[in-house]
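As a plain string of letters, each chain reads:
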Amino acid sequence: LFIILSAYCMVIYPGGTVTNYHTEGYSFFTNYFSDLGRTHNFLQQSNLNSMIVFRTSVTLIGIATILFFLTIPFFFLTSILTRNLSLIGSLTGIITGFGYIGIAFTPVDIMYPFHMFMVKVAFNSFLITVVLYAIAIFKNPVYPNLYSWAYLIFGIILALYILINLFGP
């Protein structure tokens, strides 16, 4: 649903990027994902439809993330270590979910500082979550280590995204 709603937002986005206000539509490589949630595009045209769908989509992901991390610790009760890793990982995962909801309700064009704060909260807490769950899976004899490696690869990609967000263009 998130992918479908995001794609729909991209189709109805009126256009404009931070470097070229006159582009038409959403450009996957030159727009920020947060542009879909703007109240207005860069030419001050209304972006209400895209904003509403974006807000709904990201809020649903936030709620799903919170619900997921409320339930997954029950699968890591085989040892004190895995239980504690999963509990701390779930706490940061729940923070991630609230971060996503915060992103949804702070349009980048009118609430830039808070929007960027919520982006940092969401993605940094998610990186902690991924690392903690990768370790918990490695330490849990029930789950194949393949899942840990998948988490770690995702964690590397997420860390690179965070670095680009902090130090990139």
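Residues numbered from 1 in each chain as written. Predicted model: local features only at pLDDT ≥ 70, side-chain atom pairs only at ≥ 80, totals over all residues. Heavy atoms only, no water.

1. Some thoughts on the overall build of the protein chain
Phase 1 of the analysis: What the protein chain contains, in helices and strands, is five helices and zero strands.
Phase 2 of the analysis: Counting from the amino terminus, helix and strand elements in the protein chain follow one another as α-α-α-α-α.
Phase 3 of the analysis: Projecting the C-alpha coordinates of the protein chain onto the three principal axes gives extents of approximately 55 × 30 × 25 Å.
Phase 4 of the analysis: Counting only residues that meet the buried cut, the protein chain has 42% of its 169 residues in that class.
Phase 5 of the analysis: Sequence-distant contacts, at least 24 apart, represent 58% of the contacts inside the protein chain between residues at least 6 apart.
Phase 6 of the analysis: Of the accessible surface of the protein chain, which amounts to about 9700 Å², a share of 76% is contributed by carbon and sulfur atoms. (Helix = DSSP H or I, 4+ residues; strand = E, 2+ residues; numbered from the N terminus. Buried < 20%, exposed > 50% of the residue type's maximum accessible area, 1.4 Å probe, protein only. Contact = heavy atoms within 4.5 Å. Areas by Shrake-Rupley, 256 points an atom, 1.4 Å probe, with all protein chains shown as cover.)

2. Quick look at the packing of helix 2 (residues 48-71) against helix 3 (residues 80-104)
Phase 1 of the analysis: For the pair helix 2 and helix 3, interaxial distance at closest approach is 8 Å and the crossing angle is 170°. It follows from the interaxial angle that helix 2 and helix 3 lie roughly antiparallel. In this structure, helix 2 uses Phe 54, Arg 55, Val 58, Thr 59, Ile 61, Gly 62, Ile 63, Thr 65, Ile 66, Phe 69 and Leu 70 to contact helix 3, whose residues at the interface are Gly 89, Ser 90, Gly 93, Ile 94, Thr 96, Gly 97, Phe 98, Tyr 100, Ile 101, Ile 103 and Ala 104.
Phase 2 of the analysis: Looking at side-chain class alone, the contact of helix 2 with helix 3 contains 13 nonpolar, eight polar and one charged residues. (Axes fitted to C-alpha atoms, helices over the stretch in contact; angles between N-to-C directions. Parallel < 35°, antiparallel > 145°, perpendicular 65-115°, else oblique. Nonpolar A, V, L, I, M, F, W, Y, C, P; charged D, E, K, R; others polar.)

3. Some details on unusual backbone geometry
Peptide bonds are trans in most cases, and residues, glycine excluded, mostly fall at negative phi.
Phase 1 of the analysis: Although it is not a glycine, Gln 44 adopts a positive phi angle of roughly 65°.
Phase 2 of the analysis: Along the chain, the position of Gln 44 falls in the loop between helix 1 (2-12) and helix 2.
Phase 3 of the analysis: For Gln 44, a relative accessible area of 58% corresponds to the exposed category.

4. Considerations on the packing of helix 4 (residues 112-139) against helix 5 (residues 145-167)
Phase 1 of the analysis: For the pair helix 4 and helix 5, interaxial distance at closest approach is 9 Å and the crossing angle is 155°. Judged by the angle between their axes, helix 4 and helix 5 are roughly antiparallel. Like other packed secondary-structure pairs, helix 4 and helix 5 cross with a definite hand, here left-handed.
Phase 2 of the analysis: Class assignment for the residues of the contact of helix 4 with helix 5 results in 20 nonpolar, five polar and one charged. (Left-handed = near helix turned anticlockwise from the far one by under 90°.)

5. What about the side chain of Asp 35?
Phase 1 of the analysis: Along the chain, the position of Asp 35 falls in the loop between helix 1 and helix 2.
Phase 2 of the analysis: Of the polar contacts made by the side chain of Asp 35, one reaches the side chain of Asn 31; its length is 2.9 Å.
Phase 3 of the analysis: Excluding residues within four positions of it along the chain, Asp 35 makes contact with Tyr 13, Phe 42, Asn 47 and Val 108. (Polar contact = N/O pair within 3.5 Å; in protein donor to acceptor, adjacent residues only side chain to side chain.)

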